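# Working through the structure, step by step
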Amino acid sequence: MADSQSKPCRTILVTGGTGLVGMAIKEIAEIGNQTNEKWVFVSSKDADLTSEAETCALFEKHKPTHVIHLAAMVGGLFSNLKYNLDFWRINIKINDNVLHNAYKHNVRKVVSCLSTCIFPDKTTYPIDESMIHNGPPHDSNFGYAYAKRMIDVQNKAYHSQHGCMFTSVIPTNVFGPHDNFNLENGHVIPGLIHKVYRAKEDDTPFTIWGTGSPLRQFIYSKDLARLFIWVLHEYDEVNPIILSVGEEDEVSIKEVADMVVDAYEFKGNVFLDTSKSDGQFKKTASNAKLKSLFPDFKFTPIKQALKETVTWFVDNYETARK
Ligand code: NAP
Ligand code: GFB
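Parameters and conventions
Residues numbered from 1 in each chain as written. Chains lettered and ligands numbered in written order. Predicted model: local features only at pLDDT ≥ 70, side-chain atom pairs only at ≥ 80, totals over all residues. Heavy atoms only, no water. Axes fitted to C-alpha atoms, helices over the stretch in contact; angles between N-to-C directions. Helix = DSSP H or I, 4+ residues; strand = E, 2+ residues; numbered from the N terminus. Parallel < 35°, antiparallel > 145°, perpendicular 65-115°, else oblique. Left-handed = near helix turned anticlockwise from the far one by under 90°. Contact = heavy atoms within 4.5 Å. Nonpolar A, V, L, I, M, F, W, Y, C, P; charged D, E, K, R; others polar. Pairing = 2+ DSSP bridges. Salt bridge = Lys/Arg side-chain N within 4 Å of Asp/Glu carboxyl O. Buried < 20%, exposed > 50% of the residue type's maximum accessible area, 1.4 Å probe, protein only. Core = buried A, V, L, I, M, F, W, Y, C linked by side-chain atoms within 4.5 Å. Near = heavy atom within 4 Å. Polar contact = N/O pair within 3.5 Å; in protein donor to acceptor, adjacent residues only side chain to side chain. Areas by Shrake-Rupley, 256 points an atom, 1.4 Å probe, with all protein chains shown as cover.

### Thoughts on the packing of helix α6 (residues 188-202) against helix α8 (residues 253-264)
Remark: α6 packs on α8, axes separated minimally by 10 Å, with the N-to-C direction vectors making an angle of 45°. By the angle between their directions, the pair α6 and α8 is classed as oblique. Pair α6 / α8 crosses with right-handed handedness. The residues of α8 that touch α6, namely those facing V188, I189, L192, I193, V196, Y197 and K200, are I253, V256, A257, V260, V261 and Y264. Class assignment of the residues belonging to the contact of α6 with α8 gives a composition of 12 nonpolar, no polar and 1 charged.

### Some thoughts on the sheet that holds strand β4 (residues 109-113)
As summarised here, the arrangement of the 6 strands in space is β2-β1-β3-β4-β5-β10, forming an open sheet in which the pairing is parallel. This sheet does not close on itself; its edge strands, each paired only once, are β2 (37-41) and β10 (241-243). Averaged over all pairs of adjacent strands, the angle between strand axes in this sheet comes to 20°, irrespective of strand direction. In the sheet, strand β1 (residues 10-15) pairs with strand β3 (residues 66-69) via 4 bridges, with the strands oriented parallel. Its bridge partner being in β3, V14 is matched across the sheet by I68. Set on the sheet, helix α1 (residues 20-32) makes contact with β2 and β3; between it and β2 the angle comes to about 155°.

### Things to note about the pattern of salt bridges
A full pass over the atoms with the stated rule returns 10 salt bridges. The partner of E52 in a salt bridge is K104, with the nearest N and O atoms 3.5 Å apart. One end of the pair, E52, is in helix α2 (residues 52-62); the other, K104, is in helix α4 (residues 84-104), with 52 residues separating them in the sequence. We classify E52 as partly exposed; its relative accessible area is 37%. Residue class for K104 comes out partly exposed when judged on its relative accessible area of 40%. Of the charged contacts in the structure, one is a salt bridge between R226 and D223, with a shortest N-O distance of 3.0 Å. Here D223 and R226 lie together in helix α7 (residues 221-234), a separation of 3 residues that amounts to about one turn.

### Here's the deal with the nonpolar core
Nonpolar side chains in soluble globular proteins tend to be buried together. In terms of nonpolar packing, the biggest core is built from 32 residues, with L13, L49, F59, V67, V110, F119 and F166 touching the most fellow members. Every element with two or more residues in this core is listed here: α2, α4, α5 (142-162) and β5 (166-171). With 5 residues, α4 is the largest single contributor of residues to this core. Among residues more than four places away in sequence, those in contact with F59 are L13, P64, V67, V98, N101, A102, H105 and V107.

### Here we look at the side chain of Q154
Of note, Q154 is situated in helix α5. Overall, Q154 belongs to the buried group, its relative accessible area being 19%. Setting aside chain neighbours within four positions, we find Q154 in contact with D96 and L99.

### Description of the site of ligand 1
Looking at ligand 1, there are 28 residues lining it, with T18, S44, L70, Y144 and R321 nearest. In this structure, Y144 approaches ligand 1 through a side-chain N or O atom, which is 2.5 Å from an oxygen atom. With respect to ligand 1, the side chain of K148 contributes an N or O atom lying 2.8 Å from an oxygen atom. A total of 900 Å² of accessible area belongs to ligand 1 in isolation, and the protein chains cover 86% of it. Mapped onto the shell around ligand 1, the elements with two or more residues apiece are α1, α5 and β6 (173-175). For the shell around ligand 1, the class distribution of residues is 14 nonpolar, 11 polar and 3 charged.

Written as structure tokens, this is what we have:
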């Protein structure tokens, strides 16, 4: 953070700065405490980024030299199944407004956020960075996936036409404090954490949706935050980089549900509701590029990260997004 004595030589604007990933970056950036950096975390209350005029005014106000672009319409499987059109339209508008204003305001570097769900559904595994545009994404989230893919197209176009350093990262499923724990539109881990909380409180069974067999690589928001800051400082390619735990750390939905049960020491009944969709079976990603560039990075073990997230949810139950 910049103190009042020294003039920061970098102003880093974080769009989506109040969400799961933004709050984790805020925490890690504060620990890093670099005096030549001023961090500005914004939400839709500061500017509705679907509006070109509000986006432009935000850039005029803060004059960022760097942008971490997180703002998006975000949701879990069941929200994506219902709102593919909204995911497409809202995210396309936000991304175009942010990237074009970064260009117009001479931003030196933008790091945007994609997701491993944007890769082709019919593919070989593990998926790597070269495969983004190789075929249609899973049908459940085609609106979100194509909107995110277009960030990569747009980054390449700004680079080829104007020489801009606009890049992107591709995280797997994220979880941690400040997540969206809403059961209708949130992701699986916050959903499981919320459902076990309720089952324990009400002495009712805990129900996992789907068969529990799909596989996922989960990344803790605080690990993702460390990697985002490393990308901002050290990674200078327009092509994206996958930010993921290794293939060996992929777990099934049932396994992660069992870990949540253990974190709560929940002793009640557990059911699978197989009438609910499983979504994409897997999207196993390779972290070989990350490991080659940042070999010493250590991921938090998933059980420890889940325990910390459960503790945060219980401690912040009244105010958590749910
Ligand atoms: P989140 O917790 O839902 O936060 C979304 C953020 O975007 C909030 O700060 C929100 O502000 C802001 N936002 C939404 N619509 C906006 C608008 N029209 N104008 C301005 N700001 C707006 O999401 P997240 O999980 O942190 O996701 C961050 C990024 O990571 C996204 O780009 C997402 O696609 C990507 N990602 C997430 C996951 C995951 O599992 N969560 C996985 C891979 C990639 P308000 O609070 O004011 O609405
Ligand atoms: O995190 P999630 O919603 O999304 O996980 P995806 C869905 C998987 O978890 C499915 C099972 O297999 C569900 O059947 N599941 C079990 C649950 N219980 C629950 C629950 O309580 N809530 C939820 N949500 N699922 C999303 C994409 O895919 O991944 C988005 O749709 C986004 O676009 C995100 O990119 C990272 O991993 O399937």
